[in-house]
Amino acid sequence: MAQGEGQQTEENIRLTAKREEMAQRLMIALDYPDVTQAKLFIQKLEGIPCYMKVGMQLFYAAGPEFIKELKTRGYSVFLDVKMHDIPNTVKGGAESLTQLGVDMFNVHASGGSVMMAAARAGAASAVSGNPALSMPLIIAVTQLTSTSQEVMNGEIGIPGNVTDTVVRYAKLAAEAGLDGVVASPQESAAIAEACGPAFRTVTPGIRPSGSSLDDQSRVMTPGQAIRQGSHYLVVGRPVTSAADPRQAALNIIEEMIQA
Ligand code: C5P
């Protein structure tokens with residue numbers, strides 16, 4: 001083999017590995033009302049090893065069977081059901097979700113540190129009962145990106161600005177043994193500074209340049225979010241509503257690699 005060809009192959013292998021790594025950091029929000037529509041969409045992404053995010057709408061309609069099917073197809077799954085209840089109930093919920101084999105799930109940080117620690121204990125209990133399971137990543141919701149400062153101050157009753165609250169919740173989640181937080185990509189750098197670079201930031205509000213904002217207001221492009229230190233990018237409509245979802249996902253992955 002000529003030297004040039006060898007280098008070419010090495011470069012291809014490196015790029016393929018990088019594409020896989022970035023695809024694993026791209027979470028596609030499967031915001032569909034039923035399994036039929038979700039499956040039709042997934043077919044279009046065949047061969048792209050992205051993370052699948054299942055939220056309340058699809059999970060309440062499709063149930064655990066659909067999660068098991070995603071796992072059988074080889075996808076990593078983030079179950080975005082944002083648990084918030086008394087610690088004992090959250091512990092039981094975490095145990096059930098871990099038994100399903102999800103790779104990530106979340107709880108509200110505003111449930112407090114005992115509740116967050118209970119989520120971890122529930123997951124650990126499921127894993128100790130079945131060695132085939134591995135510990136999922138447990139992520140705290142800080143302040144929803146739909147909550148404005150006015151609502152946070154005037155309705156929820158938390159004074160100060162949103163970023164300070166997000167960082168305070170992130171620290172509380174880290175102290176409770178959680179693995180990261182859901183936050184705006186605009187907060188990723190402040191969270192990394194407060195909780196260290198290994199503490200994961202899962203960031204929705206991603207919009208490739210030129211795409212519609214929909215109802216998101218504090219957005220960043222995939223490249224900007226990666227440069228801000230986001231570990232996982234949550235993307236829904238820019239891929240699910242694209243004329244060519246496969247190409248839209250591949251374009252985002254390329255932009256992540258470039259960043
Ligand atoms: O379509 P779009 O890219 O806006 O979808 C974003 C996804 O991230 C949706 O599933 C939404 O529920 C979720 N999400 C969000 N903001 C948060 C938490 C979750 O947009 N703060």
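Higher on the page you've got the structure.
Our subject in this report is the structure included herewith. (Residues numbered from 1 in each chain as written. Predicted model: local features only at pLDDT ≥ 70, side-chain atom pairs only at ≥ 80, totals over all residues. Heavy atoms only, no water.)

### A few points about the side chain of His108
Definition in use: Numbering of helices and strands starts at the N terminus; helices are DSSP runs of H or I of at least 4 residues and strands are runs of E of at least 2. Residues count as neighbours in contact if any of their non-hydrogen atoms are within 4.5 Å of one another.
Mapping His108 onto the fold places it in strand E4 (residues 104–108). Contact partners of His108, with chain neighbours within four places excluded, come to Lys82, Met83, His84, Met115, Met116, Val141 and Leu144.

### Observations concerning the side chain of Thr98
Stated formally: Working definition: with a 1.4 Å probe on protein chains only, accessible area under 20% of the residue-type maximum means buried, over 50% means exposed, and in between means partly exposed.
Mapped onto the fold, Thr98 is located in helix H5 (residues 87–99). Accessibility expressed as a relative area gives 1% for Thr98, which makes it buried. Residue contacts for Thr98: discarding those within four places in its chain leaves Phe105, Ala123, Ala126, Val127, Leu133, Ser134 and Pro136.

### Describing the environment of Ile252
The residue Ile252 is located in helix H12 (residues 245–258) in this model. The class for Ile252 is buried, based on a relative accessible area of 3%. Taking the C-alpha atoms as reference points, Ile252 and Glu175, 77 residues apart in sequence, are found 33 Å from one another. When residues no more than four places from it in sequence are discounted, the contact partners of Ile252 are Leu26, Pro208, Pro222, Val235 and Val239.

### Brief notes about the sheet that holds strand E7 (residues 200–203)
Let me state the cut-off plainly: Only when DSSP finds a minimum of two bridges between them are two strands counted as paired. The axes used here are C-alpha line fits, helices contributing only the stretch in contact, and every angle between their N-to-C directions lies in the interval 0 to 180 degrees.
Judged by pairing direction, the barrel is parallel, and its 8 strands sit side by side in the order E1-E2-E3-E4-E5-E6-E7-E8 before closing back on the first. The mean inter-strand angle of the sheet, taken between neighbouring strand axes irrespective of direction, is 25°. With 3 bridges connecting them, strand E1 (residues 26–29) and strand E2 (residues 51–55) associate as parallel partners. Directly across from Ala29, in E2, lies its bridge partner Lys53. Strands strand E3 (77–83), E4 and strand E5 (137–141) of the sheet are contacted by helix H6 (residues 113–129), whose axis makes an angle of about 155° with E4.

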